[in-house]
Amino acid sequence: MFERVRSRVRRLSVAGPETAQHDSGRLSVLFLVENASVPTDTRVWSECLALRDAGFDVVVISPQGTTHDSEQFEERHGITIHRFRMPYARGGPLSFVLEYSVALWRARRLARQLARKRSFAVVHAANPPDFLLLAVWPMRRRGTRFIFDQHDLVPELFISRFGRTPRLLYWLTCGLERLSFSLADVVVSPNNSYRDIALERGRKKTEDVFVVRNAPDTSLFRPRQPDLELKRDKPHLLAYVGAMNAQDGLDHAIRALAVLSRKRTDWHAIFVGDGDAAAGTRRLAQDVGVEHLVEFTGFLPSPEVVRVLSAADICLSPEPRNPLNEASTFIKIAEYMAVQRPVVAYDLIESRFTAAAAAVYASPNDVEGFAGLIDELLDDPKRRDAMGRVGRARIVSELSWERSKAALLAAYDRVLGKSSPR
């Protein structure tokens, strides 16, 4: 598939729309991202590198990070990144309306500036939100194809955070999702649950929807010699790595550790990541009396994440059951498995598909059951070791990024082979 796409890129670069070529003669791809800065967004960054290797000239528009990715312009590993400032939402629905409105305006302005200098063969928009393709709508008149990359199910995300009120905003999320599906020539989904929604709710054709799973780089995410200092003189280390937003279940993890602490305190826990629930999670740790057992590092680069995971005895994936999490694939689980760590998770459809026998599963939203499984695994090192080896083997053989990259390139082969959009 890699050589087939490279061949198509070379052929179109010579005979295809000249307006979609950069000065280098390569076809240009524009990534639109709002939910996270790039390259911190590991899924987008992996896709960018794969397309660069396939012969595309890759340009990214993303927000600036607060503690990293703060430069407005950067060239990294042959990929051009333009970043815009935006007010990250930290409260209720109206704060997201403000964030998304500012992001749409600034992303559209950057896209227009770039379009004056070149045209793009493909615009690849990663949600949330679901209206990024509106920022580049005029490009369709110049033959640009559109890919909609489903990172989240935004209507379900809205419900998981706010319920169905305000109803007007909920129905707006549904309408914008339908708009993105209708604008997209090809849809990229992270798992089969999302693919089914693209086919049913989005009314896309089977041949226009591709599953590109979230997958770690196994050359980086692999077990290393554990740094025992991270255990803070305790026999065991528990680890959480990932986003810290309302839907991610940080409150479940902290409450489970509080339950565990009433039975044993021979463990230290490290939470790596940031998000709008980070401050509340720290306060909750104090409220339930485990602040002396829990460490919050904030965002860490990937090599430091691997260092933490390599020292961990058990990794946590505490996402509660709700319409969003039931259908979502969490990259943290795959990263845990790649570093050969056993996982404790709630029994959700896509979490079980990813981890299989590399995890133990508590009944959804059962904090005491979650704590009980951690307790059981801490007392069973042989089982932990076996689960870790099963997980690493599953990632390498079935769920590696190499497989996901092949699916991504198939999606690009499809979108470039389609007739020019109207």
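One numbering rule holds for all chains: residues counted from 1, following each sequence as written. Residues qualify for local features only when their pLDDT is at least 70, as the model is predicted, and side-chain atom pairs are given and counted only at 80 or more; totals for whole chains, interfaces and linings, by contrast, use all residues. Hydrogens are left out, water is left out, and the side-chain values use all remaining heavy atoms of the structure.

Visitor: Hey, could you run me through the pairing of strand S14 (residues 359-362) in this one?
Guide: Successive side chains on a regular strand alternate, one facing one side of the sheet and the next facing the other. Burial along S14 is two-sided: Ala359 and Tyr361 facing one way and Val360 and Ala362 facing the other are all buried. Two strands pair when backbone bridges link them, and strand S13 (residues 343-346) and S14 are joined in this way by 4 bridges, in the parallel orientation. Opposite Val343, over in S14, you have Ala359 as the bridge partner. Relative accessibility decides the category of a residue: with a 1.4 Å probe and only protein chains considered, values under 20% of the type maximum give buried, values over 50% give exposed, and everything between is partly exposed. What counts as a helix is a DSSP run of H or I of at least four residues, what counts as a strand is a run of E of at least two, and both are numbered from the N terminus. Any two strands with at least two DSSP bridges between them are considered paired.

Visitor: When you look at unusual backbone geometry in this model, what are you seeing that I'm missing?
Guide: Leaving glycine out, the prevailing phi sign among residues is negative, and the prevailing peptide bond configuration is trans. Between Asn127 and the following residue, Pro128, the backbone shows a cis peptide bond with an omega angle of -5°. Secondary-structure assignment places Pro128 in the loop between strand S5 (122-126) and strand S6 (145-149). The peptide bond linking Pro128 to Pro129 adopts the cis configuration, its omega dihedral lying at -5°. Mapped onto the elements of the fold, Pro129 is located in the loop between S5 and S6. For Arg203, which is not glycine, the phi torsion reads 55° and is therefore positive. Inspection of the secondary structure assignment puts Arg203 in the loop between helix H6 (192-200) and strand S8 (209-211). Look at Asn365: it is not a glycine, yet its phi comes out positive at around 70°. Within the fold, Asn365 resides in the loop between S14 and helix H13 (367-378).

Visitor: Is there a simple way to think about the packing of H13 against helix H14 (residues 381-398) in this case?
Guide: In helix packing, the relevant descriptors are the interaxial angle and the interaxial distance, both defined with respect to the helix axes. Contact pair H13 / H14: the axes reach a minimum separation of 7 Å and the direction vectors enclose 100°. For the element pair H13 / H14, the angle class is roughly perpendicular. Across the interface between the two elements, Glu376, Leu377 and Leu378 from H13 touch Pro381, Arg383, Arg384 and Met387 from H14. All amino acids are sorted into three groups, where Ala, Val, Leu, Ile, Met, Phe, Trp, Tyr, Cys and Pro are nonpolar, Asp, Glu, Lys and Arg are charged, and the leftover types, Gly among them, are polar. In the contact of H13 with H14, the residues fall into 4 nonpolar, no polar and 3 charged. Axis lines are fitted to C-alpha atoms, over the contacting stretch for helices. Their N-to-C directions set the angle, which ranges from 0 to 180 degrees. Roughly parallel covers angles under 35 degrees, roughly antiparallel covers those over 145, roughly perpendicular covers 65 to 115, and oblique covers all other angles. Any pair of residues with heavy atoms lying within 4.5 Å of one another is described as a contacting pair.

Visitor: Is there a simple way to explain the packing of aromatic side chains in this structure?
Guide: Between two aromatic rings, the relevant description is the distance of the centres plus the angle of the planes. Side-chain rings of Phe, Tyr and Trp (the six-membered ring for Trp) are treated as a pair once their centres are within 6.5 Å; stacked means planes under 30 degrees apart, edge-to-face means over 60, and tilted covers the remaining angles. Summed over the entire model, instances satisfying the criterion amount to 11 aromatic pairs. Between Phe96 and Phe162, the ring centres sit 5.8 Å apart and the planes meet at 70°, which makes this aromatic pair edge-to-face. Here Phe96 is found in helix H3 (residues 93-117), whereas its partner Phe162 is found in helix H4 (residues 154-162), with 66 residues between them in sequence. The exposure class of Phe96 is buried, given its relative accessible area of 13%. By way of ring pairs, the aromatic residues Phe96, Tyr100, Phe131, Phe158, Phe162, Tyr170 and Trp171 are connected into one cluster. To sit over a ring, a charge needs its Lys NZ or Arg CZ within 6 Å of the ring centre and within 35 degrees of the ring normal. Its end group placed over the ring of Tyr361, Arg352 keeps NZ or CZ at 4.1 Å from the ring centre.

Visitor: I would appreciate a short explanation of the sheet that holds S8 in the present structure.
Guide: Strand pairing in a sheet relies on backbone hydrogen bonds. The paired strands run either parallel or antiparallel. Reading across from one edge, S3-S4-S2-S1-S5-S6-S7-S8 is the order of the 8 strands in this open sheet, with mixed pairing throughout. The outermost strands of the open sheet, each flanked by one partner alone, are strand S3 (73-76) and S8. Strand-to-strand, the axes of this sheet are offset by a mean angle of 20°, without reference to chain direction. Here strand S7 (residues 186-189) runs beside S8; their pairing, made up of 3 bridges, is parallel. Paired with Val187 across the two strands is Val209, which belongs to S8.

Visitor: Could you clarify how one ought to interpret the pairing of S5 in this entry?
Guide: The buried fraction of S5 amounts to 5 of the 5 residues, a majority that puts the element mostly inside the structure. Neither face of S5 is open: one carries Val122, His124 and Ala126, the other Val123 and Ala125, and all of them are buried. Bridging between strand S1 (residues 28-33) and S5 involves 5 bridges; their strand directions are parallel. Its bridge partner being in S5, Phe31 is matched across the sheet by His124. Where S5 lies against S6, 5 bridges are found, and the strand directions are parallel. Looking across to S6, one finds that Val122 is bridged to Arg145.

Visitor: Looking at this structure, I do not really get the pattern of salt bridges. What am I missing?
Guide: Two side chains of opposite charge can pair, provided their charged atoms sit close to one another. Salt bridges are defined by distance alone: a side-chain nitrogen of Lys or Arg within 4 Å of a carboxyl oxygen of Asp or Glu. With the rule as written, the count across this model stands at 29 salt bridges. Among the ionic pairs, Arg52 bridges to Asp53, the shortest N-O distance being 2.8 Å. A relative accessible area of 26% places Arg52 in the partly exposed class. In this structure, the salt-bridge partner of Arg232 is Glu295, at a minimum N-O distance of 3.0 Å. With Arg232 in the loop between S8 and strand S9 (236-241) and Glu295 in strand S11 (residues 294-298), this pair connects stretches of sequence that are 63 residues apart. Within the structure, one salt-bridge network assembled from shared partners comprises Asp69, Glu71, Glu74, Arg76 and Arg83.

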